[in-house]
Amino acid sequence: MDLLEYQAKELFREMGIPVLPSQRIDHPSDLKGLRIPYPIALKSQVRVGGRGKAGGVKFVENTIDAVAAAQAIFHLPIMGEYPQVVLAESKYDADQEFYLAVILDRATRRPVLLGSIKGGIDAEATLEYIQLVVVDEEFSPFYARRLALKMGLKGELIESVSGIVQKMYQLFVQKDLDLVEINPLGISATGQVMALDGKVTANDEALGRHPELATLASKMSKRAKDEEIPPALANQNFVQLDGNIAIICNGAGLTMATLDLVCFTGGQPANFLNISPLSNEAGWRMASYDSIPGNPLPKEVDSWSEYLEQALELATQNKNVKVVLVNILGSVTLCEETAAAIETYLKRRESSSRTRSGLHVIVRLVGGNLSVAKERLSAIKVPLIEDLEEAVAKAVDKAKAVVGY
Amino acid sequence: MSFKADSKVLIQGIAETLGSTHAALMKTYGTNVVAGVSAGKGGQTLHDIPVFDMVDQALPAVGPVDITAIFTPAYLVLDAALEAIAAGIRQIIIITEGVPPLDMVRLAAKAEATDTLVIGPSCPGVIVPGKVLLGTHPSEFYIPGPVGLISRSGTLTYEIARELTRSGLGQSTCVGIGGDAIVGSSFQQWLQILEEDDATEVIVLVGEIGGASEEAAARYIDEAIDKPVIAYIAGHHAPKGRRLGHAGAIITAGLADLGADVGTAESKMAAFKQAKVPVAERPSQIPELVKKVLKKSGHKKK
C-alpha cells in the first residue's frame, strides 16, 4: 500500500528525518487558518507519479492566490485520481537535489540502499547516476556511509546524508515497508538536508502487525470509490479490461494462464478476478493475527459459495460482459459449493429487474464431488467442462455469437 | 535433497485448520508424518499423529526428523522455522501465505548459514508421485514418471501436472517454490536438484510475469543444466503495472527492479530462447514438447 506524501512525512518526522513545516488542507477554505508563513508550496496528495509535471504542485505568496491554487489542484485529476487532501508546505531553496531509497531486492533477498546525486522529477536521469549498496548482513551505519561515498559525496555531506539513509533504514525495518524513498532530498547552500518529497510503501502482508498503518489503509480504501467492490474482494486482484468475457479463477498463476488462453483463442476479456481465498486473506484489510490460515476465507464472508457469489456480482457489473468463464481447480475448494453459488447467483439475477438474456456462464471445474456439481449445474443449463481449453473455446464462441463478430 | 517415501516428516501448526486437513491428506498418501507441533495442544493426538507443544519435545519422542511442513499463522512462521532449524531440521516447507518479506530476509540468511533448504512461503510444497506428499498438491492429478516440474504458482502447477498426467506423462518430483517476492528456494536450486535426480529425465519450468527469476533460471540452464528443459510463462496478456495476487507478479519498470524491461513475458521468452529452451504457448502444448525431447533423448516407455 502506497502512503500519501503527508502520511510518509509524518513517519519521517517521528523518525527524526527533517521535513518542512506543513499543514494538511482538506478544503480550500482551510487556508484561511494557515499556521505556516508564506511563500508556500501546495501539493496534490495523490498516489500516482508525475504530479509535478501534471500541474499538481503550485507555489503561492498569499492567501488569495493560495485559495485559487488549492481549488485548481482539488479539481485536477492526475492519472485519473483526484486528491482528497492538499498539502501546504513551506518553500525551500535547494542548491542540489539528491535521490535516496531503501528497497528489498528479490534476487539477493537483501535490503538495498539506493542513492543518486541527480534527484528530482526527472527519474530517468536519476536512474543513470544511481548507486547501490546491498545490506548483506546485519545493518550497521557503515552501509549508509558506503552509499554516500559511492554517490561521490565529500566532507560534511557524508555524515548528513548517511544519517538520513540510516533513519530511512530503521523506518524500513520497524514498519515492515516495501519502499522508503526520498526524492528529492534538498541540500541547501549551507549543506543542510531536507526531505522535500517522500514515498513510503507499506507491505500489505505485514499490515496486521502495524495497526497504525492498517488504520491509514482502511481510511484510504473508503475513499477509492471508482469501483464498487465488496469488502471480501477489495484487493488488487480484480482488473478491468475492455472486452466482454469475465474471467474468475482461483490462483494468480491460473488466472493469468486462463487470461492468456482467452486472448490466444481470439476472445476479449472484460475483466479478470483471482479469488484464491488464501492470497485474498493476505490482502491489506486488517489481516488479523490469528485468522490467516485458520480460516482461509476473507473474514467478510462465511462460505466459499458466498465468496464466489460476490465475485460473480462484481465481474458482471459491467454491462459489456456477455460471458462469464469460471475456472476453479483444486482439492480444497468444494465443487459442490461452486455449483451452488452459480445457481444462487443466476436465480437472483433472473428475479431482479435485470434480465438474464445475453449472459452465458461457462464453468470449468476439477476436483472432488464433481458429479454432484455436474448434476446441479445441468439442472440450470450451465455447462460444466473439465478441459480448460474446451471451456475457453466455448466461452469465446459464445461471446462472438452474442456480439456477432 | 531427500524427499523419500520413508522421510520422517513433522507438521508445525498441525492444530490449524489447514494444517490438520493436510496432515490427514499427507498421511493418507503414505507420507511418514511422525509428529505435529502446536503450542498448547501438546499431549493430544490428531489423525493418529502425536502432537507436541514444541519441536524440542517432539524430537526426543520420535527421533530425528528430515522435513518439517509449516502451517502456522503468517507472523509466527519465522519463529517456527527458526525453532525447526535450532532443532536440527534442514528441510523446511512453508505453506502459509502472507509471511512478511523482512521475516523471509532473516530466515533466508539463517538458512544460508545453516545449509537449510527452505521452500515457500505461499507454496503448495513438494510431491514425489507415488512416494511422498509434502504440502497441498491434489494428489489425484499426479502419477509417477520422468518429468520434473518447478513452478511459482499453486493451482497452475496442479493444472499442468494434470495435463501431463492426462497425456500419460508421469512426474518425478513437482515443486511449487511460492509466488511471493521473497521465497526460500530459487528456480536455480531446483534445476540443480532435478539435474542430479536420477528419476528426472526432463524438466518443466512454469514461470510467470514479474521479477527476474525466469531470466536468471534461463541463464543457469544455459550454463549448468544438461537435461532438457521446457518452459511455460503465464501472463502475456496481463496489463502492466497491476498487481496480480502474487507479490512477484508486479511489473515495475521503475527503480525497484533496476532494469527497464526485466519481468515482462517478452523478456522471459527472449531469455529462454537464448538458452535454447522451448517455450509452450499454452499448458496443453507442454506434453507435446516434453514427448518430443524425450524421444530425442531416447527415453523408452516402460
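Residues numbered from 1 in each chain as written. Chains lettered and ligands numbered in written order. Predicted model: local features only at pLDDT ≥ 70, side-chain atom pairs only at ≥ 80, totals over all residues. Heavy atoms only, no water.

Trainee: Help me understand the overall build of chain A, please; the structure alone is not making it clear to me.
Mentor: On a plain count of helices and strands, chain A comes out with 13 helices and 16 strands. Here chain A holds 405 residues, and 54% of them are scored as buried. Taking as baseline every contact in chain A between residues at least 6 positions apart, the subset at least 24 positions apart corresponds to 66%. Within the structure as shown, chain A displays about 17200 Å² of accessible surface, and the carbon and sulfur contribution to it stands at 51%. (Helix = DSSP H or I, 4+ residues; strand = E, 2+ residues; numbered from the N terminus. Buried < 20%, exposed > 50% of the residue type's maximum accessible area, 1.4 Å probe, protein only. Contact = heavy atoms within 4.5 Å. Areas by Shrake-Rupley, 256 points an atom, 1.4 Å probe, with all protein chains shown as cover.)

Trainee: I would appreciate a short explanation of the interface of chain A and chain B in the present structure.
Mentor: How big an interface is tends to be stated in terms of the accessible area lost upon association of its parts. Taken together, the contact between chain A and chain B spans 63 residues of the former and 68 residues of the latter. Roughly 5400 Å² of surface becomes buried between chain A and chain B when both sides are summed, with 61% attributable to carbon and sulfur atoms. In this assembly, chain A and chain B are joined by seven salt bridges. The salt bridge partner of B:Arg166 is A:Asp387, with a shortest N-O separation of 2.4 Å. Inspection of the chain A/chain B interface yields 15 residue pairs in polar contact (both at pLDDT 80 or more). Top element by residues in the side of chain A that touches chain B is helix H8 (residues 252-264) of chain A. It accounts for ten residues. Per-class residue counts for the side of chain A that touches chain B are 35 nonpolar, 13 polar and 15 charged. (Buried area = accessible area lost by both parts, 1.4 Å probe. Salt bridge = Lys/Arg side-chain N within 4 Å of Asp/Glu carboxyl O. Polar contact = N/O pair within 3.5 Å; in protein donor to acceptor, adjacent residues only side chain to side chain. Nonpolar A, V, L, I, M, F, W, Y, C, P; charged D, E, K, R; others polar.)

Trainee: Whenever I open this one, the confidence of the model for chain B confuses me. Can you help?
Mentor: Residue and element names in this part refer to chain B. Per-residue pLDDT for chain B has a mean of 90; in total, 91% of the residues score no lower than 70. This stretch, residues 243-260, has a pLDDT under 50; its non-local contacts, to residues over four places away or in other chains, come to 62 contacts. With pTM at 0.86, the complex prediction returns an ipTM value of 0.91. (pLDDT = per-residue confidence, 0-100.)

Trainee: Any chance you could explain H8(A) here in plain terms?
Mentor: Residues separated by three or four positions in an α-helix point in the same direction, a consequence of the helix having 3.6 residues per turn. Residues and elements named next belong to chain A. For H8, built from 13 residues, the straight-helix expectation of 18 Å at 1.5 Å per residue is met to within 8% by its first-to-last C-alpha distance of 18 Å. Taking burial as the measure, the 13 residues of H8 include eleven buried ones, the bulk of the element. Buried residues of H8: Ala-252, Gly-253, Leu-254, Thr-255, Met-256, Ala-257, Thr-258, Leu-259, Asp-260, Leu-261 and Val-262, and no others. Of the residues trailing H8, Gly-266 is marked for its positive phi of about 95 degrees. (Expected span 1.5 Å × (residues − 1).)

Trainee: How should the sheet that holds strand E11 (residues 171-176) of chain B be read in this particular structure?
Mentor: Whenever strands of a sheet pair, they do so through backbone hydrogen bonds, lying parallel or antiparallel. Residues and elements named next belong to chain B. What the seven strands build is an open sheet, ordered E9-E8-E11-E10-E12-E13-E14; its pairing is mixed. The open sheet has two edge strands with one neighbour each: strand E9 (132-135) and strand E14 (279-280). As paired strands, strand E10 (residues 144-151) and strand E12 (residues 202-208) are joined by five bridges and run parallel to one another. What sits directly across from Leu-149, in E12, is Val-204. Those strands touched by helix H9 (residues 285-296) are E10, E12, strand E13 (229-234) and E14, and its axis lies near 150 degrees from that of E12. (Pairing = 2+ DSSP bridges. Axes fitted to C-alpha atoms, helices over the stretch in contact; angles between N-to-C directions.)

Trainee: Teacher, can you tell me more about the sheet that holds strand E4 (residues 86-90) of chain A here?
Mentor: All names here are of chain A. Read across the open sheet, the four strands follow the order E1-E4-E2-E3; overall the sheet is antiparallel. Each end of this open sheet is capped by a strand with a single partner; those strands are strand E1 (22-25) and strand E3 (57-60). Strand-to-strand, the axes of this sheet are offset by a mean angle of 20 degrees, without reference to chain direction. Taken together, the five bridges between strand E2 (residues 40-44) and E4 define a ladder with antiparallel strand orientation. When the bridges of E4 are listed, Lys-43 appears paired with Leu-87. Across the sheet, helix H3 (residues 63-74) lies against E1, E2, E3 and E4, angled at about 175 degrees from E3, the strand it touches most.

Trainee: Would you take a moment to explain the pattern of salt bridges for this structure?
Mentor: Oppositely charged side chains are able to pair whenever their charged atoms sit close together. All names here are of chain A. Summed over the entire model, instances satisfying the criterion amount to 27 salt bridges over all chains. For Arg-209, the salt bridge goes to Asp-176, with nearest N and O atoms at 2.8 Å. Here Arg-209 is found in the loop between strand E10 (198-202) and helix H7 (211-223), whereas its partner Asp-176 is found in the loop between helix H6 (156-174) and strand E8 (177-187), with 33 residues between them in sequence. Judged by its relative accessible area of 30%, Arg-209 is partly exposed.

Trainee: Explain the packing of helix H5 (residues 141-150) of chain A against H6(A) to me, please; I cannot follow it from the model alone.
Mentor: When two helices pack together, their arrangement is given by the angle between their axes and by how far apart the axes lie. Residues and elements named next belong to chain A. Remark: H5 packs on H6, axes separated minimally by 8 Å, with the N-to-C direction vectors making an angle of 130 degrees. When the axis of H5 is compared with that of H6, the two are oblique. You can see that H5 and H6 cross each other, and the crossing is right-handed. Residues Pro-141, Ala-144, Arg-145, Leu-147, Ala-148 and Leu-149 of H5 pack against Ile-158, Glu-159, Ser-162, Val-165 and Gln-166 of H6. Taken together, the residues of the contact of H5 with H6 break down into seven nonpolar, two polar and two charged. (Parallel < 35°, antiparallel > 145°, perpendicular 65-115°, else oblique. Left-handed = near helix turned anticlockwise from the far one by under 90°.)

Trainee: Would you mind showing me how to read the pairing of E10(A) here?
Mentor: Side-chain positions along a regular strand alternate between the two faces of the sheet. Residue and element names in this part refer to chain A. In terms of residue burial, E10 counts as a mostly covered element, since four of its five residues are buried. Where E8 lies against E10, five bridges are found, and the strand directions are antiparallel. Bridge pairing links Ile-182 to Gly-198 in E10.

Trainee: Sorry if this is basic, but what is going on with the packing of H8(A) against helix H5 (residues 155-166) of chain B here?
Mentor: Packing of H8(A) against H5(B) brings their axes to within 6 Å, and their N-to-C directions diverge by 60 degrees. As far as their axial angle goes, H5(B) and H8(A) are oblique. Taking contact as the criterion, the partners of A:Gly253, A:Leu254 and A:Ala257 in H8(A) are, on H5(B), B:Thr155, B:Leu156 and B:Glu159. Classifying every residue of the contact of H8(A) with H5(B) by side-chain character gives three nonpolar, two polar and one charged.

Trainee: When you look at the environment of A:Leu384 in this model, what are you seeing that I'm missing?
Mentor: Residues and elements named next belong to chain A. Its location among the elements puts Leu-384 in strand E16 (residues 384-385). As for Leu-384 and Pro-184, which are separated by 200 residues in sequence, their C-alpha atoms are 56 Å apart. Look past the residues within four positions of Leu-384 in its chain and what remains in contact with it is Val-363, Leu-365, Leu-370, Ala-373, Lys-374 and Leu-377.

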